[in-house]
Amino acid sequence: MNQPFIIGSVQTPTGDVPKISSVLNWPDHWGSIKARWGVGRMHYTVSPGLYALGEPNERSPVLVTANYKMSFDRLREALSERHAWILALDTNGINVWCAAGKGSFGTDELVRRIEFSQLDRVVSHTELILPQLAGPGVAAHKVKKRTGFKVLYGPIRATDLPAFFDAGMKAAPNMRRKTFNVYERVVLIPVELVSALKWTLLILPVFFVLGGIGAPSGFWQGVLNDGLFAGLNLLGAVLAGAVLTPVLLPWLPGRAFSIKGVIMGLITTLFIFLFGVFYLN
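Residues numbered from 1 in each chain as written. Predicted model: local features only at pLDDT ≥ 70, side-chain atom pairs only at ≥ 80, totals over all residues. Heavy atoms only, no water.

Student: Give me the overall build of the protein: which residues, what numbers.
Tutor: Helix and strand counts for the protein come out as eleven helices and seven strands. The globule rule puts the C-alpha radius of gyration for 281 residues at 19 Å, and the 25 Å found for the protein is more than 25% above it. By principal-axis analysis of the C-alpha atoms, the protein measures approximately 80 × 40 × 30 Å. The buried share of the protein, taken over its 281 residues, is 43%. Counted over contacts in the protein with a minimum sequence separation of 6, partners at least 24 positions apart contribute 63%. Averaging the locations of the 27 positively and 18 negatively charged side chains of the protein gives two centres separated by 6 Å. (Helix = DSSP H or I, 4+ residues; strand = E, 2+ residues; numbered from the N terminus. Rg over C-alpha atoms; globule rule 2.2 N^0.38 Å. Buried < 20%, exposed > 50% of the residue type's maximum accessible area, 1.4 Å probe, protein only. Contact = heavy atoms within 4.5 Å. Lys, Arg positive; Asp, Glu negative; His and termini not counted. Charge placed at Lys NZ, Arg CZ, Asp CG, Glu CD.)

Student: Any chance you could break down the packing of aromatic side chains for me, citing the residues and the numbers?
Tutor: For the structure on display, the rule yields seven aromatic pairs. Seen in terms of ring centroids, Phe5 and Phe72 are 5.4 Å apart; in terms of plane orientation they differ by 55 degrees. Their pairing is tilted. One end of the pair, Phe5, is in the segment before strand S1 (6–12); the other, Phe72, is in helix H2 (residues 69–78), and 67 residues separate them in sequence. Comparing Phe5 with Phe72 shows no difference in burial state: the two are buried. When the centroid spacing of 5.8 Å and the interplanar angle of 25 degrees are considered together, the rings of Trp26 and Trp30 count as stacked. Taken together, the positions of Trp26 and Trp30, both in helix H1 (residues 26–36) and four residues apart, correspond to about one turn of that helix. On the basis of relative accessibility, which here comes to 40%, the residue Trp30 falls in the partly exposed class. Site record: aromatic cluster; members linked through ring pairs are Phe5, Tyr51 and Phe72. Above the ring of Phe116, the side-chain terminus of Arg113 is found at 5.8 Å from the ring centroid. (Phe/Tyr/Trp six-rings, centres within 6.5 Å; stacked < 30°, edge-to-face > 60°. Lys NZ or Arg CZ within 6 Å of the ring centre and 35° of its normal.)

Student: Which residues make up the pattern of salt bridges, and what are the values?
Tutor: It is possible for side chains of opposite charge to pair when their charged atoms get near one another. All chains considered together, the criterion is met by 13 salt bridges. For Asp160, the salt bridge goes to Arg157, with nearest N and O atoms at 2.9 Å. Of the charged contacts, one joins Lys178 and Glu184 as a salt bridge, the two residues approaching to 3.9 Å between their closest N and O atoms. Assessed through its relative accessible area of 19%, Glu184 is described here as buried. One continuous salt-bridge network, built from bridges that share partners, spans Asp28, Lys69, Asp73 and Arg76. (Salt bridge = Lys/Arg side-chain N within 4 Å of Asp/Glu carboxyl O.)

Student: Could you give an account of H1, naming the residues involved and the relevant values?
Tutor: Listed as buried for H1 are Asp28, Gly31, Ser32 and Ala35. Relative to the axis of H1, the buried residues are bounded by an arc of 100 degrees and lie together on one face. Residues of H1 that are buried sit in contact with H2 and helix H9 (189–212). Gly38, located one to two residues past H1, shows a positive phi value of around 80 degrees. (Arc of directions from axis to C-beta.)

Student: I'd love a proper account of the environment of Lys178, names of residues and values included.
Tutor: Its place among the elements puts Lys178 in the loop between helix H7 (161–166) and helix H8 (182–186). Considering only alpha carbons, one finds Lys178 and Lys260, 82 residues apart in sequence, at a separation of 21 Å. Sequence-distant contacts of Lys178, that is, excluding residues within four places in its chain, are made with Trp97, Ile156 and Glu184.

By themselves, these figures tell us nothing about what the structure is for.
Set out below in structure tokens:
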């Protein structure tokens, strides 16, 4: 109840359940921006448990998500003017897809949260709507056997949930397909770039110093020539691996990521070599 996005509570047979809104405020957006850049990303969480979106009753749907706050926020934002229960699992602050692969968004944790929240006393139905990408971590038949709740898999994207509900909880074929367009690739670049740059910024000074040591033209001239060229190669490797390859992924030849990475690396190396030939010599 002390979390900043809680706007009240809803009374249930098990007690008061925290109430949330589908409208995100500035701190929510700012938190997502910081997480995208790797700032506090592993601690960007909500308390696991049951939440009330809008004014749900015993017949309202129950949607399950991870306690990574960006996943939680995308879900509630997609359900504008809807009334539902949201059950956040303790995934250690990891998003649904990754948590399903790691096992933290799994059968045992789902059963634990159902029992802990006494969900059978809150709702009169026995259906849970899980994200499709949670499938690798959850054995639906075991959940049914252990709790009596039936698992239904919703669409991949939270934004498709309104259409999913309007269609009688049936997903159209396009709702089952995971896209990976340019925008979806670009938004993942910052966190990878920050991770790579942490080590790059530590190594760069070493490259400059080594370039100057023993240089025939003198230390500082060596730093500006050999050191700078070595630094450009290091930055080029980071640029090719963390930025250019993800952006240009569909257009790079080959099916394997390794082949695409090699090709982008060779192209980047060629540009750096030409720069060295014409401007550093």
